[in-house]
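Letter by letter, the chains look like this.
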Amino acid sequence: MSNKDNLPKENEKEKEKEKENKIEEKEEEVKQVVTTTKVVAGKEGVDYVKIVEEFGMQLITDPMIEKMGKLSKTPLHHWIKRGLFFSHRNLDQLLDKYEKGEPFYLYTGRGPSSESMHLGHLIPFMMTKWLQDAFGCPCVIQLTDDEKFLWNPKLTLEKVHQFMIENAKDIIACGFDPEKTFIFSDMNYIGEMYPNICKIRKILTFNQVRSTFGFTKSSNIGQIAFSAVQAAPAFSSSFPKLFADKKKVNCLIPCAVDQDPYFRLTRDIAPKLKEKKPSLMCSKFIPSLLGLNEKMSSSNPNSAIFLTDTPNQIRNKINKYAFSGGGDTIEEHRKNGANLKVDIPFHYLKIFHPDQERIEQIRKDYGSGQMLTGEVKKELISILQDIVKKHQENRKAITDEVLQKFMTPRQLV
Ligand code: TRP
C-alpha cells in the first residue's frame, strides 16, 4: 500500500480522535475516558473480568481477603468481603511487607468537578478511611483542581476552587484522622511536589501518555503534562514535611478502577526514579439509579443519591427512578420473581446493606417473587437515608479551623 493510500485513513482516525476528545471534555466524562475506549458496558453492566485482563491487573483473591482480615485492627470491611473492591496491583506484596513491620501510607484523590458529590464518589474515601483505621496508616488526599480546570472548558479557577473546598469537607466528613491525614489542592501544594513532577515529566514521553489517554494534537498541553501531577503523590518523597525520616514509604492507592491507567504509568517509571512502585486496590463503579448501563452524573439529579439529598428526595428518587427488575404486574412478579441481575434496588442493597444474611434472604425472597419491589425499595430507602443523614451531621461539624488543619502540610503521626 502506498503512502498516499494511507493518508485519508490517517485523517479519518485523527478526526475520530478529535471527536472522542470533545466528548472527554464534557464534565464528569473525564474519569471514563480511559475506560470508555476499552470497556464495553453491556446490558448487564460493566464486564470487570475483562477490565482486569485488559489493564493487566489481578483479581483480589479469597486468601488475600483472609490475610487482610488477619492483619487488620478492625473487622474486615464488607466492601472487601463482597468484592466491591475487586482488583489490585501488588497488594499481596504490600501486605507481606506490612506483616514484617514495614508500614505504608494511603493515597487517594478526587477531581473537584462540581460541588455536589454523590454516594458513588464517597466509596473510595470510605474505604480509605477504613484502611486508615485498620492498618494505622497516614493518608494523603489529592484534590485535582488543576485537572478539572484543564479538562472542562467552562470551569473557571474561581469555581473550581470553590468546588475543591466543598469537596474537601465532604471527604473529611468520612471520618479521617486529623493527626494522620493531609488533604491538598494541587493549586496550593504543587510547589512541594514540583521537583518530583519535573523528574516524572522528564521520563514520560508524549507517546506514552498519548497511547494511555488517547490525546490528540489539539489536546491542551496542560492535559498532556497532567499525569505527572497525579503520579507524584504516589512517592513519599513528594511530602517532605509529612514523613519525618526521609526513608521511602510504601504506598497503597485505593481508587475506582478507571484511575488505573495513571498508576500503571506511575509504576512503570518508579524504578527509573529509584522510587517504590505503589500498590493499588480498585473498586467497581456504583451503577446509576436509572439502570446498569446508564451513568451516574451530577448533571442528572435522578441518576444518583447526592450527599445533600433530603430524606424525601431519597425516597422519591428510589421509588420513581431506581430501575426495577420486578415483574410488570403483581401476578407476573409472584410467578417469575425479580430479575436480580438488572434490579438496581437490589444492587444498591448489596453494596450498602450492612447485614449479609439479610441480603441473602432478600435475594431468595425477591428473586422468587415472594417479596415485592416496593418492599425492597422501602428497605433500601431507610438505609440510604441513614447513611446520608449521618454524613450531613458529620459535615456540619466541620469548621474552617478543622479544614485548615487537614490542609496544612505538617508531620503526620
Ligand atoms: N483523577 C481523579 C479524578 O478525576 C482524581 C485523583 C487524583 C485520584 N489522584 C487520585 C483518584 C488518586 C484516585 C486516586 O477524580
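Thresholds, definitions, all that
Sequence order as written defines the numbering, with residues in each chain counted from 1. Only residues with pLDDT of 70 or above have their local features reported here, since the model is predicted, and side-chain atom pairs are shown and tallied only from 80 upward, although totals for entire chains, interfaces and linings are computed over all residues. For the side-chain quantities, the full set of heavy atoms in the structure was used; hydrogens and water were omitted. Only protein chains enter the accessibility calculation, which uses a 1.4 Å probe; a residue is then buried when its area is under 20% of its type maximum, exposed when over 50%, and partly exposed in between. Only DSSP runs of H or I with at least four residues qualify as helices, and only runs of E with at least two residues qualify as strands; both kinds are numbered from the N terminus onward. In this analysis, two residues are considered to be in contact whenever any of their non-hydrogen atoms come within 4.5 Å of each other. Here a polar contact is recorded for every N or O atom pair within 3.5 Å, except that within protein the pair must consist of a potential hydrogen donor and a potential acceptor, and residues adjacent in sequence are included only if both atoms are side-chain atoms. Here, proximity means that at least one heavy atom of the residue falls within 4 Å of the molecule or strand. Using the Shrake-Rupley algorithm and a 1.4 Å probe, accessible areas are obtained, with residue cover drawn only from the displayed protein chains. Strands qualify as paired when DSSP identifies two bridges or more between them. When the strands point away from the viewer and the connection leading from the first strand across the helix to the second strand turns clockwise, the crossover is called right-handed. We count a salt bridge whenever a side-chain nitrogen from Lys or Arg sits within 4 Å of a carboxyl oxygen from Asp or Glu. Lines fitted to C-alpha atoms define the axes, with helix axes restricted to the stretch in contact, and inter-axis angles between N-to-C directions lie between 0 and 180 degrees. Helix span, expected: 1.5 Å multiplied by one less than the number of residues in the helix. pLDDT is a per-residue confidence score from the predictor, ranging from 0 to 100.

## Points about helix α12 (residues 221-231)
Then step 1. Within α12, burial applies to Gln223, Phe226, Ser227, Ala228, Val229, Gln230 and Ala231.
Then step 2. Tucked inside the fold, the buried residues of α12 contact β5 (104-110), β6 (139-143), α8 (145-151), α10 (186-203), α11 (206-213) and α13 (260-269).
Then step 3. Backbone nitrogen of Gly222 and a side-chain oxygen of the N-cap are separated by 3.1 Å at the start of α12; the cap is Asn220.

## Points about the site of the ligand
Then step 1. What surrounds the ligand is a group of 15 residues, the closest being Tyr107, Gln142, Glu147, Gln230 and Gln259.
Then step 2. In the environment of the ligand, an oxygen atom lies 3.1 Å from a nitrogen or oxygen atom belonging to the backbone of Gly111.
Then step 3. Contact between the ligand and Gln142: a nitrogen atom at 2.9 Å from a side-chain N or O atom of the residue.
Then step 4. For the ligand, whose unbound accessible area comes to 370 Å², protein coverage reaches 96%.
Then step 5. Of all the secondary-structure elements, those providing two or more residues to the shell around the ligand are β5, α8 and β8 (250-256).
Then step 6. When residues in the shell around the ligand are grouped by element, the largest group, four residues, is from β5.

## Some words on the pairing of β5
Then step 1. Extensive coverage of β5 is indicated by the burial of six of its seven residues.
Then step 2. Note that β5 and β8 share three bridges and pair parallel. Considered in β8, the bridge of Phe104 is made with Asn250.
Then step 3. Regarding the hand of the β-α-β motif, the stretch spanning β5, helix α7 (residues 119-135) and β6 is right-handed.

## Description of the pattern of salt bridges
Then step 1. Considering all chains together, one arrives at 16 salt bridges under this definition.
Then step 2. Ionic pairing is found between Lys405 and Glu179, a salt bridge with its closest N-O pair at 2.8 Å. Pair noted here: Lys405 is in helix α19 (residues 400-406) and Glu179 is in the loop between α9 (157-172) and β7 (181-185), with a separation of 226 residues, a long-range link.
Then step 3. The class of Lys405 is partly exposed, set by a relative accessible area of 35%.
Then step 4. Of the charged contacts, one joins Glu379 and Arg358 as a salt bridge, the two residues approaching to 2.6 Å between their closest N and O atoms. Of the two residues, Glu379 sits in helix α18 (residues 373-396) while Arg358 sits in helix α17 (residues 356-368), which places them 21 residues apart along the sequence.

## Quick word on the pairing of strand β9 (residues 279-283)
Then step 1. Along β9, five of the five residues are buried, which leaves the element largely enclosed by surrounding structure.
Then step 2. The pairing of β8 with β9 spans five bridges and is classified as parallel. If you follow Ala256 over to β9, its bridge partner there is Ser283.
Then step 3. Handedness of the crossover joining β8 and β9 through α13: right-handed.

## A word on the sheet that holds β5
Paired through backbone hydrogen bonds, the strands of a sheet run either parallel or antiparallel to each other.
Then step 1. With respect to topology, seven strands assemble into an open sheet ordered β3-β4-β9-β8-β5-β6-β7, the strand pairing being mixed. For this open sheet the edge positions go to β3 (58-59) and β7, each flanked by a neighbour on one side alone.
Then step 2. Where β3 meets strand β4 (residues 85-89), two bridges bridge the pair, whose relative direction is antiparallel. Following the sheet pairing, Leu59 is matched in β4 by Ser87.
Then step 3. Relative to the sheet, α10 contacts β6 and β7, its axis offset from that of β7 by approximately 105 degrees.

## Observations regarding α7
Then step 1. Spanning 17 residues, α7 covers 24 Å between terminal C-alpha atoms, matching the ideal 24 Å at 1.5 Å per step.
Then step 2. Along α7, 14 of the 17 residues are buried, which leaves the element largely enclosed by surrounding structure.
Then step 3. In the stretch just after α7, Gly136 is the one whose phi turns positive, near 60 degrees.

## Some details on the confidence of the model for the protein chain
Then step 1. Of the residues in the protein chain, 89% reach a pLDDT of 70 or more, and the chain-wide mean stands at 91.
Then step 2. When the criterion is pLDDT under 50, residues 1-10 qualifies, and its contacts beyond four places in sequence or with other chains add up to two contacts.
Then step 3. pLDDT under 50 marks residues 18-40. Its contacts with residues more than four places away, or in other chains, come to 50 contacts.

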